Amino acid sequence: MTDLGPLIPRNRAIHPVPYDPDYKTSVPRSPGLPLLSMESTPSEETGPRFGHSLLGALDNNLILNFTQGAAPAIGERILMHGRVLDENARPVPHTLVEIWQANAGGRYRHIKDNYLAPLDPNFGGCGRTITDENGYYEFLTIRPGAYPWPNRANDWRPMHVHISVFGHSFGQRLITQMYFEGDPLINRCPIAATIKDRSQLDRLVAPLDMSKSRPLDFLAYKFDIVLRGRRQTMFENKLDGM
């Protein structure tokens, strides 16, 4: 067995602060007592596990998966791709990656979303895939629209895609968001601003990748997900690693 050295712990100082008055729902949601760290048990570490055979052919194609290919979603077509890596830049193969997002107008297919933008009848807004042996994943989707949210008088969420990564069982799950290079709303978003170090926030911004873009079809954005270590991706629900 190769000795990979000591574990590189998460630096909590660079993670989103749990309490930020400019992000008003963080006020009632932030913990009022010190956090407790609990050891995991075999049920969290070994199962249940997602059945890889349950994936459909269009599960990672959000342009077609809601209508099963009958009609495409409306909007700017993009390829979202990258690798899931550990703290030592090793690939994390055969892990479940799920995404969900608003449509091109900035509206989610959710009963509580009452934004004025119309629903796209051909867009469901969610997809899933399994990383290959090199930790690689990709989704064909549409660029999500920005949308207003009731925080301050005129706050808007930047264009973003929500991402969920599962480990070896459903008890091992991390959630984050991907933003898009060049979006001016990133600098104005109170949620993004809870990450106080700009170099850490930039890890959530996917750069344009013309090498994977397809002429007359789609632009590509590259987003590698690093689970732990010095180049870790920021996650919303886990402050101290997997």
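On a predicted model such as this, the values are computed, not experimentally measured, just so you know.

Here we take up the overall build of the chain. Along the backbone of the chain there are three helices and eleven strands. In the chain, the succession of α and β elements from N to C terminus is α-α-β-β-β-β-β-β-β-β-α-β-β-β. When the 242 residues of the chain are sorted by exposure, 44% land in the buried category. A sequence separation of at least 24 residues applies to 69% of the contacts in the chain between residues at least 6 apart.

With that settled, consider the environment of Ala117. Checked against the element boundaries, Ala117 lands in the loop between strand S2 (96-101) and strand S3 (126-130). What makes Ala117 buried here is its relative accessible area of 11%. C-alpha separation for the pair Ala117 and Gly105, spaced twelve residues apart in sequence, amounts to 5.6 Å. In contact with Ala117, not counting residues within four places along its chain, are Gly105 and Arg107.

A complete count under the given rule lists five aromatic pairs for this structure. Judged by centre distance (5.8 Å) and plane angle (75°), the ring pair of Tyr23 and Trp149 falls under edge-to-face. Here Tyr23 is found in the segment before helix H1 (26-29), whereas its partner Trp149 is found in strand S5 (residues 147-149), with 126 residues between them in sequence. There is no split in this pair, since Tyr23 and Trp149 are both buried.

What follows covers unusual backbone geometry. The phi dihedral of Ala89 falls on the positive side, at around 65°, and the residue is not glycine. In this structure, Ala89 sits in the loop between strand S1 (77-85) and S2. The exposed category is assigned to Ala89, whose relative accessible area is 52%. The residue Leu216 is not glycine, and still its phi comes out positive at about 60°. Residue position: Leu216 is located in the loop between strand S9 (205-206) and strand S10 (219-222). Classification of Leu216 by relative accessible area gives exposed; the value is 93%.

Parameters and conventions
Residues numbered from 1 in each chain as written. Predicted model: local features only at pLDDT ≥ 70, side-chain atom pairs only at ≥ 80, totals over all residues. Heavy atoms only, no water. Helix = DSSP H or I, 4+ residues; strand = E, 2+ residues; numbered from the N terminus. Buried < 20%, exposed > 50% of the residue type's maximum accessible area, 1.4 Å probe, protein only. Contact = heavy atoms within 4.5 Å. Phe/Tyr/Trp six-rings, centres within 6.5 Å; stacked < 30°, edge-to-face > 60°.

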